[in-house]
Amino acid sequence: MKVSRRGMLAGAAAAGAAGVVGAVALENHSEAATTSTSQATREPLELTWFGTHAWQIRCGKSVVLTDPWLTRFHTGTFTPEGADPKTKLVIKPDVIDRHLSTADAILVHHGHYDHMADVPYVAKKTRATVLCTETHANMLRAMKTPNDLLSPVRGGEYLPFEGFTIEVFPSLHSCGGKRHTYAYPGYRYEVPPRPRVIEDLVEGGTLAFVITIGGLRILSLSTANFDPNALRGLQVDIVLAAPGGEPGITDRLLQTIKPVRKVIATHWDDFDKPLDDPGIPWTDLTPLRTSVEKTGAEFVVLDHLQQLNL
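Residues numbered from 1 in each chain as written. Predicted model: local features only at pLDDT ≥ 70, side-chain atom pairs only at ≥ 80, totals over all residues. Heavy atoms only, no water.

Colleague: Explain the nonpolar core to me, please; I cannot follow it from the model alone.
Modeller: Nonpolar side chains tend toward joint burial in soluble globular proteins. Leu45, Leu47, Leu219, Leu231, Val239 and Ile257 are the most contacted members of the largest nonpolar core, which has 53 residues in total. Ranked by the residues each element gives to this core, the list is headed by strand 10 (residues 206-213), at six residues. Discounting residues that sit within four places of it in the chain, Leu47 has contacts with Trp55, Gln56, Ile57, Ile218, Ile264, Leu302, Gln306, Gln307, Leu308 and Leu310. The next biggest cluster of nonpolar side chains, apart from the first, holds 35 residues, and it includes Leu65, Leu100, Phe271 and Leu305. (Core = buried A, V, L, I, M, F, W, Y, C linked by side-chain atoms within 4.5 Å. Buried < 20%, exposed > 50% of the residue type's maximum accessible area, 1.4 Å probe, protein only. Helix = DSSP H or I, 4+ residues; strand = E, 2+ residues; numbered from the N terminus. Contact = heavy atoms within 4.5 Å.)

Colleague: Would you mind going over the packing of helix 7 (residues 249-256) against helix 8 (residues 286-293) with me for this structure?
Modeller: When two helices pack together, their arrangement is captured by the angle between the axes and the distance separating the axes. Following both chains from N to C, one finds helix 7 and helix 8 inclined at 25°, their axes separated by 9 Å at the closest point. When the axis of helix 7 is compared with that of helix 8, the two are roughly parallel. By crossing handedness, the relation of helix 7 to helix 8 is classed as right-handed. Counted together, Thr250, Asp251 and Leu254 of helix 7 and Leu288, Ser291 and Val292 of helix 8 form the full contact between these two elements. When its residues are assigned to classes, the contact of helix 7 with helix 8 shows three nonpolar, two polar and one charged. (Axes fitted to C-alpha atoms, helices over the stretch in contact; angles between N-to-C directions. Parallel < 35°, antiparallel > 145°, perpendicular 65-115°, else oblique. Left-handed = near helix turned anticlockwise from the far one by under 90°. Nonpolar A, V, L, I, M, F, W, Y, C, P; charged D, E, K, R; others polar.)

Colleague: Any chance you could explain the environment of Tyr182 here in plain terms?
Modeller: Looking at the element boundaries, Tyr182 is found in the loop between strand 9 (164-171) and strand 10. Its relative accessible area of 27% is what places Tyr182 among the partly exposed residues. Excluding its chain neighbours within four sequence positions, the residues that come into contact with Tyr182 are His112, His173, Ser174, Cys175 and Glu203. Reaching out from Tyr182, the side chain makes a polar contact with the side chain of Glu203 at a distance of 3.2 Å. (Polar contact = N/O pair within 3.5 Å; in protein donor to acceptor, adjacent residues only side chain to side chain.)

Rendered as structure tokens:
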């Protein structure tokens, strides 16, 4: 496994992360029961992290993007006051163009701005198929995303593409606080007025995806929560898992699915900070690391713009 790093963690970030940054090799080949992979069928796979839950997964000519949000702007999310819901949505094409050029599929996990605000621009640029809920599709239509690129899903779909497959699962957003809530809930059953501020992009249902590509199966979760009925007994090689949520969420996740070899941390950075800066954790990653390592899996943390070659 080869890791190329663009920028090292700054001192403050390293202190906050306290030993959480590192990348380790994926040994051998996929042993997922639902695929017939072998060392002979494994192909080189490259994962690049753009902060939050924005991942580029590349194998040969095939490219899958998850929640490609690269335009980062100040919202106050990680201040004591919290995010200002009236923060105006901003899209920075120059930032996106610097890092993204092509894609075959865009996976929208939920509708919040830090997951979906850049999707209209990325979809038009790449002409990729956008997999999302009907609420997400309605908000994307309101943001002038070409309708022919949108493919609403609900969970249960098995979708073959050239070079990879996508399986869709119903999922849940993380909850917190005394009332077990999350920001900007709701659905859009018709195309709404064009979203202008961050509260206009509601959660709209949460999805999980399994990407089978290059002989590996990757479970992509955009929040710490999940639907145990949907994922029970699932076998994958890699999990993209987020910190936070209710106590014990990651413990329950790793007890629900079959044992995995690698868990890669996602959505752990303060996304009010620029993408070109080293990632600064918004929370202590130790609980997530502990949950992972006590199962015997390896815990991997990438920095902004870092690539992991498997």
